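So you can see what is in the structure, the chains are spelled out below.
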Amino acid sequence: MVNNAGQLYTMEGVAAGLIMLLTAYIVVSTTSIYTTGDTHIPDMQLEQLGSDVLAMMDTPDIDGGTSELVGFVKKGTGIGGGNDLQDEFLANCKMRSGDPDDNLRAQVYLSYRTLGGSVNTTLLSSPDPWFTGRENTVRVTRWVQLSQQPGDMPGDMRTDPQAVLVEVLLWRA
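Residues numbered from 1 in each chain as written. Predicted model: local features only at pLDDT ≥ 70, side-chain atom pairs only at ≥ 80, totals over all residues. Heavy atoms only, no water.

A.B. asks: A description of the overall build of the chain should follow, citing residues and the corresponding values.
C.D. replies: The helix and strand tally for the chain stands at four helices and four strands. Walking the chain from its N terminus toward its C terminus, one meets helices and strands in the order α-α-α-α-β-β-β-β. Looking at the chain residue by residue over its 173 residues, the buried ones come to 31%. Here the chain displays about 11,000 Å² of accessible surface, and carbon together with sulfur accounts for 56% of that area. (Helix = DSSP H or I, 4+ residues; strand = E, 2+ residues; numbered from the N terminus. Buried < 20%, exposed > 50% of the residue type's maximum accessible area, 1.4 Å probe, protein only. Areas by Shrake-Rupley, 256 points an atom, 1.4 Å probe, with all protein chains shown as cover.)

This is the structure in C-alpha cells:
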C-alpha cells in the first residue's frame, strides 16, 4: 500500500538532484575562468612586431648614413598610389614573424607640420580595399627626423628640418 512517506522521498530526491546539478554547474563555470587580460596578448604581440620592424627600418646601414625609413619618407613613396613603404614593411613583418603565409595588412600615414603651423596627416600608401574599420587594428608609430623637405611630398609641408610621424595601422585579415 502507498502512503504519504513515498511522496516525501520523491520530493526529497528531486530537491537533491537539483542541488547536485546546481553544484556541478557552479564548479564547471568557475574552473574555466577567461580573464580579460588574456584577450589583448595577440594585439600586444602584433604591436611589438610592428614596432620592431619600424625600428629596424629606421636604423642606418652604415655609420652616418640615412635609414631605409627616412629614404622612403624623403622619396614620398606612397603618395599618388605607390606602396613601396607599405610593401617593405609587410615583407619585414612576415620575415620577422617566421610565417610567409601570415595574412598581415597595413596602412601607412604621415603626419607633418604645414607652412601655416597646423598639423596635417596624409595617407602614405594606397588605401587597402580590405580595411573596413571593423578589424582589430594596432597602431605603431615612429618619429622620423628630416633634415630637408623631400622632393615628392605635399606642397604645404614646411621646408626646414623637422620631425614627421610615420604611423602604421597593422592588422590580420
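Past the structure itself, the notes keep going.
A.B. asks: Let's hear about a nonpolar patch on the surface: which residues, and what values?
C.D. replies: A cluster of nonpolar residues, Val-14, Leu-18 and Leu-21, forms a patch on the protein surface that exposes about 320 Å² of accessible area. Relative to the assigned elements, Leu-18 resides in helix H1 (residues 4–31). Under the relative-accessibility criterion, Leu-18 is labelled exposed at 57%. (Patch = residues over 30% accessible without salt bridge, like charges linked within 9 Å, V, L, I, M, F, W, Y side chains within 5 Å. Salt bridge = Lys/Arg side-chain N within 4 Å of Asp/Glu carboxyl O.)

A.B. asks: How would you summarise the pattern of salt bridges if you had to cite specific residues and measurements?
C.D. replies: Enumeration over the complete set of coordinates arrives at two salt bridges. Linking Arg-142 and Asp-58 is a salt bridge whose minimum nitrogen-to-oxygen distance equals 3.0 Å. One end of the pair, Arg-142, is in strand E3 (residues 138–146); the other, Asp-58, is in the loop between helix H2 (41–57) and helix H3 (68–75), with 84 residues separating them in the sequence. Linking Glu-167 and Arg-139 is a salt bridge whose minimum nitrogen-to-oxygen distance equals 2.4 Å. Within this pair, whereas Glu-167 is found in strand E4 (residues 162–172), its partner Arg-139 is found in strand E3, the two being separated by 28 residues in sequence. Overall, Glu-167 belongs to the buried group, its relative accessible area being 13%.

A.B. asks: Explain the sheet that holds E3 to me, using residue names and the numbers behind them.
C.D. replies: Read from one edge of the open sheet, four strands run E2-E1-E4-E3, paired in antiparallel fashion. Looking at the sheet topology across the chains shown, the edges are occupied by strand E2 (119–123) and E3. Averaged over all pairs of adjacent strands, the angle between strand axes in this sheet comes to 25°, irrespective of strand direction. Across eight bridges, the pairing between strand E1 (residues 104–113) and E4 is antiparallel. Residue pairing for E4: Ala-106 is matched across the bridge by Leu-170. Seen against the sheet, H2 touches E1, E3 and E4 and runs at an angle of roughly 15° to E3. Set on the sheet, H3 makes contact with E1, E3 and E4; between it and E3 the angle comes to about 80°. (Pairing = 2+ DSSP bridges. Axes fitted to C-alpha atoms, helices over the stretch in contact; angles between N-to-C directions. Contact = heavy atoms within 4.5 Å.)

A.B. asks: Account for H3, naming residues and giving values.
C.D. replies: Three or more residues of H3 are buried, namely Leu-69, Val-70, Phe-72 and Val-73. Seen from one end, H3 has its buried residues packed into an arc of 160°, which puts them on one side. (Arc of directions from axis to C-beta.)

A.B. asks: Could you give an account of the environment of Tyr-112, with specific residues and numbers?
C.D. replies: Mapped onto the elements of the fold, Tyr-112 is located in strand E1. Relative accessible area serves as the criterion here: at 2%, Tyr-112 is assigned to the buried category. In this structure the C-alpha to C-alpha distance between Tyr-112 and Val-166, which are 54 residues apart in sequence, comes to 9.1 Å.

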